[in-house]
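The chain contents come next:
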Amino acid sequence: MADIPVYLVAGFLDGGKTNFINGILEDGFARQDRTLLICCEEGEEEYNPKALDNVTVVTVADEENLKCSQLKAWEKQYKPKQVLIEYNGMWQMERLYREVLPANWVLYQIMTFVQASTFEMYAKNMGQLMMEKITNADLLVFNRCTEELKATLRSRNLRMVNRRADIYLEDNEGNSEDYNNDDTCPFDLDQELIDIPNDDFGVWYVDVMDHPDRWAGKMVHMKLIMCHSKKYPGIHCPGRFAMVCCENDVQFLGLIAKGRDLNQYENRDWIEVTARMAVENHEAYQGKGPVMHVISIGPCEKPAQEVVTF
């Protein structure tokens, strides 16, 4: 049975999902391939009928009615070559992956749209629903941004939540800019030993992961929590716990470390480390990434604020 590519458009009500779908359909997304559009949320915007020549639209009002058997029935009836799903922001995406999509419906791309002014509210009150739409996205667009909202969103360091997504900030006129448009290093790289303050570990982590080459050969000093990888036995990956987006999203941010005496410390021991940074291939990074070559290590008191915030 032939694979059918699925393009998932996610986000909450008034996030701009329907406008995006209208735009790609008007640009010819369905011109060559027969398309099934599954609408799981009815907002104020409507699909442009002039762009639906090669598109069949079906509607699912209740989550319980979105079933694998129903999707297979539509496949048999409409014979689509590709599928667009405008997903309901209040429905969990994991169920779609695990229970709903037929085996030959291959999820090609997840595009998440967020009205910038509502992000903080949804992150605070519906953290899990918001986070899954951000962490799983291949494309993430915050629309209706003011300059103040752009600054606020950048201060949240959303790269920590999703490192692979293309993230854009769009203003009220539809002009977009890359979320990560400032390549200026937030630390003084001319210092012989660069001290990473406890409160700035998250900022440093983002920078060293995004720009490992400019940290290669630099000496750094910081406090970390020891971690011995379960997935990669024998590998040490000290780091810090960080609250990236909301209280329900505490993640461990670790880096590969090499050197003597690392085995002397247990998981969750606080350590003070001086290391020389390098860029090396490692399976944990699925390619090249930053590696700490530890020069000195010792126990230390934990900082007043154990969890890094942004």
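Before any of the text, the structure's been laid out above.
Every value quoted in this text rests on a predicted model; they were computed, and no experiment measured them.

A. Main features of the nonpolar core. F201, W204, W215, V220, L255 and M292 are the most contacted members of the largest nonpolar core, which has 34 residues in total. Setting aside its immediate chain neighbours within four residues, F201 contacts I196, M222, L224, G239, R240, L253, L255 and V308.

B. Spatial organisation of helix α5 (residues 127–135). Among the nine residues that make up α5, seven are buried, leaving the element largely enclosed by the rest of the structure. Listed in full, the buried residues belonging to α5 are G127, L129, M130, M131, E132, K133 and I134. Contacts from the buried residues of α5 go to β1 (4–11), α3 (93–100), β5 (105–115), α4 (119–125) and β6 (139–145).

C. The environment of C40, seen in detail. On the secondary structure map, C40 appears in the loop between β2 (35–39) and β3 (55–59). Placed 186 residues apart in sequence, C40 and M226 show a C-alpha to C-alpha distance of 45 Å. Among all residues touching C40, those that are not within four sequence positions of it are V60, L66, I85, E86, Y87, N88 and W91.

D. Here's a closer look at helix α7 (residues 201–210). Judged by how many residues are buried, α7 sits mostly within the fold: eight of ten residues are covered. Looking only at α7, the buried set comprises F201, G202, W204, Y205, V206, D207, V208 and M209.

E. Fine view of the packing of aromatic side chains. All told, the structure shown has eleven aromatic pairs when counted by the stated rule. Between the aromatic rings of Y7 and F29, the centroid separation amounts to 5.3 Å while the plane-to-plane angle is 85 degrees, which identifies the pairing as edge-to-face. Separated by 22 residues along the polypeptide, Y7 in strand β1 and F29 in the loop between α1 (17–26) and β2 bring together distant segments of the chain. Taking 5.0 Å as the distance between ring centres and 65 degrees as the angle between the ring planes, the aromatic pair formed by F241 and F252 counts as edge-to-face.

Here is what the cut-offs are and how they apply
Residues numbered from 1 in each chain as written. Predicted model: local features only at pLDDT ≥ 70, side-chain atom pairs only at ≥ 80, totals over all residues. Heavy atoms only, no water. Core = buried A, V, L, I, M, F, W, Y, C linked by side-chain atoms within 4.5 Å. Buried < 20%, exposed > 50% of the residue type's maximum accessible area, 1.4 Å probe, protein only. Contact = heavy atoms within 4.5 Å. Helix = DSSP H or I, 4+ residues; strand = E, 2+ residues; numbered from the N terminus. Phe/Tyr/Trp six-rings, centres within 6.5 Å; stacked < 30°, edge-to-face > 60°.

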